[in-house]
Amino acid sequence: MAAVPLTAFRVGVFFLALVPLGLLVQDVIGQNLGPDPGEALTEQLGLAAFQCLMATLFMTPMSRWTGWSGWIRVRRMLGLFAFFYAVAHLLGFLQFVIGWQDLWAAFTERPYIIFGSLALLLMVPLAITSTKGMMKRLGRRWKPLHRLIYPALGLAWLHFIWQARSDIGEMVIYGAIALVLLGVRVYWFGWVSLVPLRSPPRTPRTA
Ligand code: HEM
């Protein structure tokens, strides 16, 4: 693939990942965040984190299906955006939802907060080791470490659906997509195989 389309693609994905932040800034300036702006801001940042996490997991299947490696070249950027939005979401929670009060109770009493915190904790080593230098240093251990993204997505989804107060339609759709993304990996890794992974043993020819 020529350098220019790849660069254009990367720039396009970069700006696309900035859209939730842009919309949020617009809503803050226009005072369009409703009666509880702090809570709305926290929610929107959480949703952006979740969407970027899903988008990150879309890149490898897209690359395999289209045979174009450009998808893989934006994977790290999307993962870092997911981490950025998740940290901003946590800060929003600390600042606007609990006001930095009763931190121990806030993080241990509600299961959905526990799931969210675990998801974020799993994302920390991924963000730290996302540089080329760390990739080199970790060598063959880098890939298994980065599989932490799968439990992170599962935990983030549990966090997402657990905090829902009424309509869970949106969460179920996200969950179905997440299941497909994780199911594809299960199939690739051969944990479940629809076709035999090895050809059956040959029977010796008689006569
Ligand atoms: C320490 C970590 C986390 C804390 C304390 C936390 C806290 C919260 C809280 C309090 C809400 C409900 C907001 C409200 O309605 O008042 C929420 C919603 C949400 N969080 Fe988190 N969260 C954390 C991590 C994450 C992570 C890692 C993700 C995704 C990668 C995430 C994605 C979401 C989503 C998608 C929602 C629902 C937003 C909506 O209703 O549209 N959270 N979180």
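In this text, all values refer to a predicted model and were calculated from it rather than measured experimentally.

Caption draft 1: Focus on the packing of aromatic side chains. One pass over the full model with this rule turns up 13 aromatic pairs. Note on Trp68 and Trp71: the rings are 6.0 Å apart at their centroids and 80° apart in plane angle, and the pair reads as edge-to-face. An identical accessibility class is assigned to Trp68 and Trp71; each is buried. Geometrically, the ring pair formed by Phe84 and Tyr85 is tilted, given 5.2 Å between the ring centres and 55° between the ring planes. Look at Phe84 and you get partly exposed, because its relative accessible area is 40%. The exposure class assigned to Tyr85 is buried, which follows from its relative accessible area of 0%.

Caption draft 2: Representation of the coordination of the iron atom of the ligand within the structure. Around the iron atom of the ligand, the protein supplies His89 (NE2) and His159 (NE2) as donor atoms, at distances of 1.9 Å. Each of the six donor atoms around the iron atom of the ligand contributes to a set of angles spanning 85 to 179°, which defines the coordination as octahedral. Here His89, found in helix 4 (residues 75-97), pairs with His159, found in helix 9 (residues 149-162); they are 70 residues apart in sequence, far enough to count as distant. Overall, His159 belongs to the buried group, its relative accessible area being 17%.

Caption draft 3: Here's a closer look at the packing of helix 2 (residues 37-66) against helix 9. Direction vectors running N to C along helix 2 and helix 9 enclose 145°, while the axes themselves pass 11 Å from each other. Where helix 2 crosses over helix 9, the handedness of that crossing is left-handed. Facing Leu47, Phe50, Leu53, Met54, Thr56 and Leu57 of helix 2, the residues of helix 9 in contact are Ile149, Tyr150, Ala152, Leu153, Ala156, Trp157 and Phe160. Each residue belonging to the contact of helix 2 with helix 9 can be placed in one class, and the counts come to twelve nonpolar, one polar and no charged.

Conventions used here
- Residues numbered from 1 in each chain as written.
- Predicted model: local features only at pLDDT ≥ 70, side-chain atom pairs only at ≥ 80, totals over all residues.
- Heavy atoms only, no water.
- Phe/Tyr/Trp six-rings, centres within 6.5 Å; stacked < 30°, edge-to-face > 60°.
- Buried < 20%, exposed > 50% of the residue type's maximum accessible area, 1.4 Å probe, protein only.
- Donors = N, O, S within 2.8 Å, 3.2 Å for Na, K, Ca; no water.
- Tetrahedral: all angles 85-135°; square planar, octahedral: opposite > 155°, others 65-115°.
- Helix = DSSP H or I, 4+ residues; strand = E, 2+ residues; numbered from the N terminus.
- Axes fitted to C-alpha atoms, helices over the stretch in contact; angles between N-to-C directions.
- Left-handed = near helix turned anticlockwise from the far one by under 90°.
- Contact = heavy atoms within 4.5 Å.
- Nonpolar A, V, L, I, M, F, W, Y, C, P; charged D, E, K, R; others polar.

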